[in-house]
Amino acid sequence: MADETKKTPKLDELEKGPWPSFVKEIKQARKVNTMCDDLLGQLETSYEEKKGHWKHGGIVGVMGYGGGVIGRYSDMPEKFPKVAHFHTMRVNQPAGWFYTSKALRTLCDIWDRHGSGLTNMHGSTGDIVFLGTKTDELEPCFAELTKEGFDLGGSGSVMRTPSACVGQARCEWACYDTMKLCYDLTQTYQDELHRPAFPYKFKFKCAGCPNDCVASIARSDMSIIGTWKDSIQQDDAAVAEYAKKGMDIQKDVCDNCPTKCMSWDGKKLTIENHECVRCMHCINVMPKALRPGKERGATILIGAKAPIIQGAMLSSVLIPFVPAAELLDTIKELTSRIWDFWSEYGKNRERIGELIQRVGMANFLDAIGLDPVPEMVSAPRDNPYIYFKKEE
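Presented here is an overview of the structure given in this document. As the structure is a prediction and not an experimental result, all values here were calculated from the model.

This part takes up the side chain of Thr299. Among the secondary structure elements, Thr299 is positioned in strand S14 (residues 296–302). You can call Thr299 buried: its relative accessible area is 14%. The contact partners of Thr299, leaving out residues within four places of it in the chain, are Ser223, Ile224, Ile225, Thr227, Val317, Ile319 and Pro320.

See below:
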């Protein structure tokens, strides 16, 4: 049993308040796993000294894979021997994060046998995150995971584990089958997922509609966001019902439309669909009256990232619309061209968005064989004047 007498006054402060506390969860886990006792001790030391005591001691992993394990070592192994090794394992999640209770119990049982018992459900990429194990437990844990049908996810300079919203499994707005596409991408790019060969990480995220519940536009190198090409489906009787029940359609719907493409005369809602930017606001407010159009597919965007080397970037439109039936083939062809260019010209730890920023979108489009289209413009230029040479 863990030594319950160790004092952690600074960590105890993090248990106060109404919010969930990771400290409380680790203290619960220490009752069955003594690794957590040393983990709390090292964390308390870090808070006292205002210094992190984890170090990266080199590459560690399972046979045949270059990714999936994040090596972590304590720089105080004499004082906290039970966390001298505290490696993280990333486990590839099922598409849409659907589990049976049996699958969850199986994962937890495996981790209790081979690690600290601490998990993160889920990491920012989407993986099931197993927090804390020793080097000699990696292979046995991996063997049990694969026996139960699970695989490791991506880490390092690889294609990271693709993730998707629940899509058509539970969401009526989904414009394509996100879970199927996510699964197909995972199976197609197994080598790129497990064996680092890129300048840096590459993420796919599949969002079924412009609500983008996986935040792909902010976090993924290639965002696949469901959309429609024709007009919003409109039920005038249902619109009237919303108005009858007290909704201020002018204020709550029309005035909040970013392009002001909607008008309400008190009886009839009119939509100028050619001005619509598919923001989903009106559909979210009146779900019984408005629906996405019938000609569905996705917009493919490129180049989002969090602020690590350079600042945060939102992804930019690459292909405005791809029909749902053509998505996988289009993405595979496009990805092949992008990876070839990035592998040739990308610098170490340079995301694809940073490469595009460095070489220019025009050169990037030329390299991958795409023609520029107006939808690629992320913001209009700030100089409204056009200057002509004399000969023009």
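This part is about the pattern of salt bridges. Inspection of the entire model under this criterion finds 14 salt bridges. A salt bridge links Arg291 to Glu172, with the nearest nitrogen and oxygen atoms 3.1 Å apart. Of the two residues, Arg291 is situated in strand S13 (residues 290–291) and Glu172 in the loop between strand S7 (163–164) and helix H6 (178–188); the sequence distance between them amounts to 119 residues. Taking relative accessible area as the criterion, Arg291 reaches 29% and is therefore assigned partly exposed. The salt bridge partner of Lys245 is Glu241, with a shortest N-O separation of 3.9 Å. Residue Lys245 is classed as exposed on the basis of its relative accessible area of 67%. Taken together, the shared-partner salt bridges in this structure form one network comprising Asp12, Glu15 and Lys27.

Another aspect to go through is the nonpolar core. With 35 residues, the main nonpolar core has Phe204, Met222, Ile224 and Ile338 as its most contacted residues. At the level of secondary structure, the elements contributing two or more residues to this core comprise H6, strand S8 (204–207), strand S9 (222–228), S14, strand S15 (316–323), helix H12 (327–345), helix H13 (352–359) and helix H14 (361–368). Here the element with the most residues in this core is H12; it accounts for seven residues. Here Phe204 is in contact with Met159, Pro162, Ser163, Leu185, Tyr189, Ser220, Met222, Ile224, Ile331, Thr335 and Trp339, once residues within four sequence places are set aside.

Turning our attention to the environment of Phe98. By secondary structure assignment, the location of Phe98 is in the loop between strand S4 (88–91) and helix H4 (101–114). Through-space distance from the C-alpha of Phe98 to that of Ala169 is 9.8 Å; in sequence the pair is 71 residues apart.

It is worth spelling out the packing of aromatic side chains at this point. All told, the structure shown has 13 aromatic pairs when counted by the stated rule. When the ring of Phe341 is compared with that of Tyr345, the centres are 5.1 Å apart and the planes differ by 45 degrees; the resulting orientation is tilted. Taken as a pair, Phe341 and Tyr345 lie in helix H12 at a separation of four residues, close to a single helical turn. By relative accessible area, which is 11% here, Phe341 ends up buried. Judged by its relative accessible area of 49%, Tyr345 falls in the partly exposed class. Counting every residue linked through ring pairs, the aromatic cluster contains Tyr189, Phe198, Phe202, Phe204, Trp339 and Trp342.

Glancing now at the packing of H12 against H14. Running from amino to carboxyl end, H12 crosses H14 at an angle of 120 degrees, the nearest separation of the two axes being 9 Å. If you check the angle between H12 and H14, you find them oblique. Of the two possible hands of crossing, H12 and H14 adopt the one that is right-handed. Contacts from Leu334, Arg337, Ile338 and Phe341 in H12 reach Phe364, Ala367 and Ile368 in H14.

In regular strands, side chains alternate between the two faces of the sheet. Alternating residues of S8 divide into Phe204 and Cys206 and Lys205 and Ala207, and every residue in both groups is buried. As judged from the two bridges shared by S7 and S8, these two strands associate in the parallel manner. Bridge pairing in S8 places Ala164 opposite Cys206. The pairing of S8 with S9 spans four bridges and is classified as parallel. Bridge pairing links Cys206 to Ile224 in S9.

Before going further, it helps to examine the state of the cysteines. A covalent bond between the sulfur atoms of two cysteines is referred to as a disulfide. Tallying each qualifying case throughout the model produces zero disulfides. Take Cys276: it sits in no disulfide, and the sulfur closest to it among the cysteines is that of Cys261, at 4.9 Å. In this structure Cys282 is not part of a disulfide, and its nearest cysteine sulfur, from Cys279, lies 6.2 Å away. Classification of Cys282 as buried rests on a relative accessible area of 8%.

Quick look at the sheet that holds strand S2 (residues 69–70) now. In space, the four strands of this open sheet follow the order S2-S4-S6-S5, with antiparallel pairing throughout. Two strands close off the open sheet at either side, each with one partner strand: S2 and strand S5 (115–121). In the sheet, S4 pairs with strand S6 (residues 128–133) via four bridges, with the strands oriented antiparallel. Each residue of the ladder has a partner; that of Thr88, found in S6, is Leu131. Sitting on the sheet, helix H5 (residues 138–147) touches S2, S4 and S6, and the angle it makes with S4 is about 15 degrees.

Cut-offs applied
- Residues numbered from 1 in each chain as written.
- Predicted model: local features only at pLDDT ≥ 70, side-chain atom pairs only at ≥ 80, totals over all residues.
- Heavy atoms only, no water.
- Helix = DSSP H or I, 4+ residues; strand = E, 2+ residues; numbered from the N terminus.
- Buried < 20%, exposed > 50% of the residue type's maximum accessible area, 1.4 Å probe, protein only.
- Contact = heavy atoms within 4.5 Å.
- Salt bridge = Lys/Arg side-chain N within 4 Å of Asp/Glu carboxyl O.
- Core = buried A, V, L, I, M, F, W, Y, C linked by side-chain atoms within 4.5 Å.
- Phe/Tyr/Trp six-rings, centres within 6.5 Å; stacked < 30°, edge-to-face > 60°.
- Axes fitted to C-alpha atoms, helices over the stretch in contact; angles between N-to-C directions.
- Parallel < 35°, antiparallel > 145°, perpendicular 65-115°, else oblique.
- Left-handed = near helix turned anticlockwise from the far one by under 90°.
- Pairing = 2+ DSSP bridges.
- Disulfide = S-S within 2.5 Å.

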